[in-house]
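These are the residues of each chain, in order.
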Amino acid sequence: MTLQELLTRLTRELQAAGTDAPALEARLLAAHVLRLDRIGLMLVMPAPVDEAAARAIRALTARRCAGEPLAHITGRREFFGRDFAVSPQTLIPRPETELLLEIVLRETGGREGLRFADLGAGTGCIGITLALELPRSRGLLLEYSAAALPVTARNIRDLGAEGRLALVRGDMFVPPLPPRCLDLLVSNPPYIAVAEEGEVMTEVLRHEPHGALFSGDGGLRHLRAVAAAGRQALRSGGLLAVEHGYRQGAAVRGLLADAGFPSARTEQDLAGLDRCTWARLA
């Protein structure tokens, strides 16, 4: 059997299981087993596939059909053009979160030497991307989950951000940030209200850490903590940017105003939904 024939069969299985992009996922699983990039995979499509490799690809496909996230199967997820390690102890980076980076890079104008913090870093995808995109910037990545920290540290090392970032275990409700020490504060905190659990995909509920998903006070408890941290740690004119739920734009603008951030602005993701809000400290 050629690799193309195998992938055709597995695509049908993934499609029957209801996965989002069955043909793409079949190719990604095969590339993972064969240790090939996309071009390399295309080149071997017409060739017979080794039986041991075929068994491995089928086994991974069965896991995906059973609902395990593709990122957990491969241990990787692309974000902002870079490959990040993930695990069941970290939230899987989402394409929507790239909007947060686009806002920060636009509003900072690539300014050099910024000091920033990423609260609730998880994989580190936000803070590491900022460190690599902003020349000579330095940042603190704060993460509460001890189980997530090894993944964050691995990504810092593998992506070449060592020496630019400090990784600290800590609570965003009492962040270890001196007053007026930062130019920028970013966060993708937990923001799903407990009452909204029924709206969350079953795959997410089963496989991703609930501590990174759900927040009290109608989903605003952690967002309010980020606003308070920004009020304490940002210099005058410093930028705060957060991701939040699509129904929370007005509420987040309000809590930022209460924390001393006037003229907060909410921006929409590619689906046209409120996704990120940013403001500068007065």
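Below: a short report on this structure. Given the structure is predicted, the values throughout are model-derived calculations rather than measurements. (Residues numbered from 1 in each chain as written. Predicted model: local features only at pLDDT ≥ 70, side-chain atom pairs only at ≥ 80, totals over all residues. Heavy atoms only, no water.)

### Re the packing of aromatic side chains
The relative placement of two aromatic rings is captured by the distance of their centres and the angle of their planes. In plain terms, the rule: When two rings of Phe, Tyr or Trp (its six-membered ring) have centres within 6.5 Å they constitute a pair, described as stacked for plane angles under 30 degrees, edge-to-face for angles over 60, and tilted for the intermediate range. To sort residues, take the accessible area from a 1.4 Å probe on protein chains only and compare it with the maximum for the residue type: under 20% means buried, over 50% means exposed, and anything in between is partly exposed. Here, over-ring charges are defined by two tests on the NZ atom of lysine or the CZ atom of arginine: distance to the ring centre within 6 Å, and angle to the ring normal within 35 degrees.
Here the structure, examined in full by the defined rule, presents two aromatic pairs. Each ring, one from Phe-79 and one from Phe-80, has its centre 6.4 Å from the other, and the planes form 40°; the classification is tilted. The exposure class assigned to Phe-79 is buried, which follows from its relative accessible area of 0%. Exposure remark for Phe-80: the relative accessible area of 21% places this residue in the partly exposed category. For the pair Phe-79 and Phe-84, a centre-to-centre distance of 6.1 Å together with 80° between the ring planes defines the contact as edge-to-face. One aromatic cluster is present, built from ring pairs that chain together Phe-79, Phe-80 and Phe-84. For the cation-ring pair, Arg-169 lies above Tyr-144, with the distance from its terminal atom to the ring centre recorded as 5.4 Å. In this structure, Arg-221 packs its charged tip against the face of Phe-173, placed 4.1 Å from the ring centre.

### Section: the packing of helix H1 (residues 3–17) against helix H2 (residues 22–34)
Definition in use: Axis definition: a line fitted to C-alpha atoms, over the contacting stretch in the case of helices. Angles run 0 to 180 degrees between N-to-C directions. Working definition: helices are DSSP H or I runs of at least four residues, strands are E runs of at least two. Numbering for both runs from the N terminus. Should an angle fall under 35 degrees it is called roughly parallel, over 145 degrees roughly antiparallel, and 65 to 115 degrees roughly perpendicular, with every other angle called oblique. Crossings are assigned a handedness: left-handed for a near helix turned anticlockwise from the far helix by less than a right angle, right-handed for a clockwise turn. Only heavy atoms matter for contacts: two residues are in contact if any of them lie within 4.5 Å across the pair. Ten residues, namely Ala, Val, Leu, Ile, Met, Phe, Trp, Tyr, Cys and Pro, are considered nonpolar, four, namely Asp, Glu, Lys and Arg, are considered charged, and the remaining ones, Gly among them, are considered polar.
Two elements in contact, H1 and H2, have axes whose closest approach is 8 Å; the angle formed by their N-to-C orientations is 130°. Our classification of the angle between H1 and H2 gives oblique. Our pair here, H1 against H2, has a crossing hand that is right-handed. Of the residues in H2, those touching H1 at Leu-3, Leu-7, Thr-11, Leu-14 and Gln-15 are Pro-22, Ala-23, Glu-25, Ala-26, Arg-27, Ala-30 and Leu-34. Its residues placed into classes, the contact of H1 with H2 shows eight nonpolar, two polar and two charged.

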